[in-house]
Amino acid sequence: MDDGAILIVGVGGIGCLWSQKAHSRCSELADLLFIDSDESSFSNSNEAHCLHLDAEGEGNGFAALPNLAAHRLAAGMGAISDIIDESELVIILAALGGGTGSGAAAEIARRAKESGSLVISLIGLPFAEQPLRCAIAEKTLPSIEINSNLCIRLSLERLAWQARYRDSDWKTGSEWIGELIEGLVTTLARVGKMNLDLMDLRNIINIHGDSTLIVGTGTTSDPMSVVEMAKESPLSDIEIKGAKGCMIQVEGGPDMTLSHLNSVSEAFVSLLDNDCQVILGARSSDEMTGNLRLVAVVSGI
């Protein structure tokens, strides 16, 4: 893919945090855009395009006012239209329940999809003990799903659990989001032993039914740990058993063998429908020596 073809967009405070951490792992392969009403979200924005939605400069944000956030984004869309129009793949990261993420994520997805981009949205759902945020999320999520080619629901409760397990911070994505985005971007942007491209991704996503995106990491000494971690992805109410389509990328270092590739891919595919359409890719890089990573787009759920 050409330079500028992949755009990572952080919407709202949490979305900006997630996107900054994810982009830092693949900065040479994707552009970065921050959208928020709070300028503090742009503090690590040396490599990012930024759209500040607080036109009045009061720094009050949009709290529980997603419609106002969507209105402000529409008014400022001209400042970012070029970077969106140049992108072939737009990855949107946001958490619902507040104002900016809930209101602006659907609008940016709609604009990107209209421009011809493939739109993947990774959307955080509020903790169960936050009824107001849950109500806002329930109301705004359908519009994001309609305007995305693939919308991945992420449980913040499961993400927080995984963060404790990894001794990391859920607010920065518990490392899982960074691994997921890095895996997807490198799958599409870098040449591998068995290459996958945007057309492969479109073909899998277009299979009738729901779709999702999964990542698992492990070591060459224990390939099955990769599949086990993939099964523990912090997604919301997802069951991949019986899925009809799957695009799999297995990454490793120079020490990755055909046996590693077969073990990981076959174990994961065994979780899906017996007649599942599978597209397999593989890539080797020196920085992955001793490690393995599986990135899978699963569809027809």
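Preceding this paragraph is the structure being described.
Reading the values: the criteria
- Residues numbered from 1 in each chain as written.
- Predicted model: local features only at pLDDT ≥ 70, side-chain atom pairs only at ≥ 80, totals over all residues.
- Heavy atoms only, no water.
- Buried < 20%, exposed > 50% of the residue type's maximum accessible area, 1.4 Å probe, protein only.
- Helix = DSSP H or I, 4+ residues; strand = E, 2+ residues; numbered from the N terminus.
- Pairing = 2+ DSSP bridges.
- Right-handed = clockwise from strand over helix to strand, strands pointing away.
- Polar contact = N/O pair within 3.5 Å; in protein donor to acceptor, adjacent residues only side chain to side chain.
- Contact = heavy atoms within 4.5 Å.
- Axes fitted to C-alpha atoms, helices over the stretch in contact; angles between N-to-C directions.
- Parallel < 35°, antiparallel > 145°, perpendicular 65-115°, else oblique.
- Nonpolar A, V, L, I, M, F, W, Y, C, P; charged D, E, K, R; others polar.
- Salt bridge = Lys/Arg side-chain N within 4 Å of Asp/Glu carboxyl O.

Chemist: Got a minute to help me understand the pairing of strand β8 (residues 245-252) in this structure?
Modeler: Along a regular strand, successive side chains alternate from one face of the sheet to the other. Most of β8 is tucked away: eight of the eight residues are buried. The two faces of β8 match: G245, M247, Q249 and E251 on one face and C246, I248, V250 and G252 on the other face are all buried. Taken together, the eight bridges between β8 and strand β9 (residues 277-284) define a ladder with parallel strand orientation. Looking at the pairing, M247 lines up with I279 of β9. Read as a crossover between parallel neighbours, the route from β8 over helix α10 (residues 258-269) to β9 is right-handed. The pairing of β8 with strand β10 (residues 291-299) spans eight bridges and is classified as antiparallel.

Chemist: How should I be thinking about the side chain of T186 in this particular structure?
Modeler: If you trace the backbone, T186 turns up in helix α7 (residues 176-189). Within the local environment of T186, its side chain forms a polar contact with the side chain of E251, the two groups lying 3.4 Å apart. With sequence-adjacent residues up to four places away left out, T186 is seen in contact with L29, E251, R283 and R293.

Chemist: Explanation requested: the packing of helix α4 (residues 100-114) against helix α5 (residues 131-146) in the structure shown.
Modeler: At a minimum axis separation of 8 Å, α4 and α5 run at an interaxial angle of 5 degrees. Considered as vectors, α4 and α5 are oriented roughly parallel to each other. Of α5, the residues touching α4 (which contributes S102, A105, A106 and K113) are I136, T140, S143, I144 and I146. Taken together, the residues of the contact of α4 with α5 sort by class into five nonpolar, three polar and one charged.

Chemist: Would you explain the pattern of salt bridges in this entry?
Modeler: Once the charged atoms of two side chains with opposite charge are near each other, the side chains can pair. Scanning the entire structure with this criterion turns up 10 salt bridges. One salt bridge connects K231 with E228, and the closest N-O pair in it is separated by 3.6 Å. Of this pair, K231 and E228 both sit in helix α9 (residues 224-231), three residues apart, roughly one helical turn. With a relative accessible area of 45%, K231 lands in the partly exposed category. With a relative accessible area of 43%, E228 lands in the partly exposed category. A salt bridge links D273 to K244; the nearest nitrogen and oxygen atoms lie 3.1 Å apart.

Chemist: Just checking my understanding: could you explain the sheet that holds β9 for this structure?
Modeler: Two orientations exist for strands paired in a sheet by backbone hydrogen bonds: parallel and antiparallel. Taken in spatial order, the four strands make up an open sheet running β7-β10-β8-β9, and their pairing is mixed. The sheet terminates laterally at β7 (212-219) and β9, the two strands that pair on one side only. For this sheet, the mean inter-axis angle between neighbouring strands, taken without regard to orientation, is 15 degrees.

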